[in-house]
Amino acid sequence: MGCTEEEVQFVQFHPSYDYADFVEGLRPVENSNGQIGFERKDGVFKQFCKKAAKNLIDSEKSVEILKDERYWENKLQHFIDESIENNTEIRLKSGNDFTIEDASEQCITIHNSNNKKASRIAVNMNDILDLLINNAPLNQVKDIREHFHRSTQYQVDSYIFSLAKEIRKSQDGSQISLSVSKVERKNYIFIIDEINRGDASKIFGELFYAIDPEYRWNTQKAQEAIRVQTQLQNLVSESDTFAKGFYVPENVYIIATMNDIDRSVESMDFAMRRRFTWKEIQPEERSRMLDEVLESHANDAKDTMLRLNNIIAGTEGLGTAFQIGPAYFLKLKDYGYDYQKLWDMNISPLLQEYLRGFRKVDEIMAKMKQAYFNTSNDTDLGVKALSDEED
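The text that follows walks through the structure, step by step, so that each part is easy to find. (Residues numbered from 1 in each chain as written. Predicted model: local features only at pLDDT ≥ 70, side-chain atom pairs only at ≥ 80, totals over all residues. Heavy atoms only, no water.)

### Thoughts on the sheet that holds strand E8 (residues 188-193)
Heads up, the condition is: Strands qualify as paired when DSSP identifies two bridges or more between them. By definition, any uninterrupted DSSP run of H or I lasting at least four residues is a helix, any uninterrupted run of E lasting at least two residues is a strand, and each is numbered from the N terminus. Each axis is a line fitted through C-alpha atoms, taken for helices only over the stretch in contact, and angles between the N-to-C directions span 0 to 180 degrees. Residue contacts are defined here by distance: any two heavy atoms, one from each residue, within 4.5 Å place the two residues in contact.
The strand order E1-E8-E9 describes an open sheet built from three strands, whose pairing is parallel. The open sheet has two edge strands, strand E1 (8-12) and strand E9 (252-256), and neither has a second partner. Put simply, the sheet's adjacent strands are angled 15° from each other on average, direction ignored. The pairing of E1 with E8 spans five bridges and is classified as parallel. For Phe 10, the partnering residue across the bridge sits in E8 and is Ile 191. Packed on one face of the sheet, helix H2 (residues 44-59) meets E1, E8 and E9 and runs near 165° to E8.

Rendered as structure tokens:
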């Protein structure tokens, strides 16, 4: 069974990539009056784990529960859309009115002209849903604090209280029959390209602990699961999946790729290395991709790759780690199967970089060119080359 776009996430690490991109951080946001503020935002990995956790949790729920949750989600969205379109005024328990100004995936922006110090306030949509789905009592504003087991009441609670009560009594089209089926448990695959190019220790932060298989989360051990307190844990909403701490669900699989000839490989510490199983991928193992793209030209491309890689593997100072993979030969289709153009534009410049600092570069390049164009019969003999640092 293939994976949907939601079940696979791809990122590429680079020197500027950091914890805020990957886990969570404060990000600038512009409100409707043009002022800039900051909000805590989940990073790409945390967002992905949230989807995976929801799948695990939902896969344990009955159809009746899922149907009830879908009902309230639809009703909430319908209420927001109608309120924004009609500029509906909603009354606080204090008697002041406010309106819904905007809404994103998880946040509602409300406007209260009577509040001069904070006329615009962000309300977490999940907090409202949590109250609606769990049929929480809503008699006083303090019921919000008690529902989320907080010792402190926040200003936003007044807005959550009024919104939840209005949504409960609103009439809309969400009474229609909902088609809801049992949720199938799925695997979620997170792919990190060039994991060695970023500072993995800083990017993962405290998640080194969370990705260990023995600390993974599932619904059976949810209560005793060890959760990681992230750097901005105090700003996480009470209704958030990770309100009590972050965890990596057991249905999340992390696949990372790297080129082991890069100098940046050495910067990856053992704490990261020991949490992964390492597998070297040789060019011939992926040569089938040439069949899929080059079709009738695939065998010629494979033979060319093999001849060239035999020379590279036999060149002292290089070896099998420097062999050229089939991805380079996929470019032949774009070049009209012009092998000379592929050599000039892609292969030769790469080999020149490999041989930087070597002695007899011209001689080695000549041997490689002969192997590439199949103009020599000694392509399996290898080449002895010494760098300037060798005697």
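### Some words on unusual backbone geometry
A positive phi angle is found at Glu 295, which is not glycine, with a value near 55°. Looking at the element boundaries, Glu 295 is found in the loop between helix H10 (288-294) and helix H11 (298-313). One non-glycine residue with positive phi stands out, namely Tyr 337, at about 60°. With respect to the helices and strands, Tyr 337 occurs in the loop between helix H12 (326-329) and helix H13 (339-354).

### Looking at the side chain of Gln 233
As a reminder, the rule being used: Categorising residues by exposure relies on relative accessible area from a 1.4 Å probe, with only protein chains included: less than 20% of the type maximum marks a residue as buried, more than 50% marks it as exposed, and the intermediate range marks it as partly exposed. Contacts described as polar in this section are N or O atom pairs within 3.5 Å, which, within protein, must combine one atom able to donate a hydrogen with one able to accept it, while residues neighboring in sequence count only if both atoms come from side chains.
Within the secondary structure, Gln 233 sits in the loop between helix H8 (207-210) and E9. Judged by its relative accessible area of 10%, Gln 233 falls in the buried class. Separated by 2.9 Å, the side chain of Gln 233 and the backbone oxygen of Phe 242 make a polar contact.

### Quick notes on the pattern of salt bridges
Rules: Salt bridge, as used here: a side-chain nitrogen of Lys or Arg that lies within 4 Å of a carboxyl oxygen of Asp or Glu.
Tallied over the full model, the rule gives 21 salt bridges. We note a salt bridge from Asp 42 to Lys 46, for which the minimum N-O separation is 3.7 Å. For Asp 42, a relative accessible area of 15% gives the class buried. Note that Glu 166 and Lys 169 form a salt bridge whose closest N and O atoms lie 3.2 Å from each other. Within this pair, Glu 166 and its partner Lys 169 are both found in helix H6 (residues 156-169), separated by three residues, close to a single helical turn. Within this structure, Glu 24, Arg 40, Asp 42, Lys 46, Lys 50 and Asp 240 form a network of salt bridges that share partners.

### A short note on helix H4 (residues 125-133)
Buried within H4 are the following residues: Met 125, Asp 127, Ile 128, Leu 129, Leu 131 and Leu 132. Close packing links the buried residues of H4 with helix H3 (63-86), strand E6 (107-111), strand E7 (120-124), helix H5 (142-147) and H6. Between the side-chain oxygen of the N-cap and the backbone nitrogen of Asn 126 there are 2.7 Å, and the N-cap of H4 in question is Asn 124. A positive phi of about 50° marks Asn 135, the residue just after H4.

### Things to note about the packing of aromatic side chains
Selection rule: Stacked, tilted and edge-to-face pairs are distinguished by plane angle, under 30 degrees for stacked and over 60 for edge-to-face with tilted covering the rest, among Phe, Tyr and Trp rings (Trp via its six-membered ring) whose centres lie within 6.5 Å.
Summed over all chains, the structure comprises 23 aromatic pairs. A centroid spacing of 5.0 Å and a plane angle of 80° characterise the contact between Phe 45 and Phe 190, whose relative ring orientation is edge-to-face. Pair noted here: Phe 45 is in helix H2 and Phe 190 is in strand E8, with a separation of 145 residues, a long-range link. As far as the burial class goes, Phe 45 and Phe 190 line up, both buried.

### Points about the pairing of E6
Sheet topology note: the strand E5 (residues 97-103)/E6 ladder contains four bridges and is antiparallel. Residue pairing for E6: Asp 102 is matched across the bridge by Thr 109. From the end of E5 to the start of E6, which pair antiparallel, there are three residues. Pairing of E6 with E7, which is carried by five bridges, proceeds in the antiparallel orientation.

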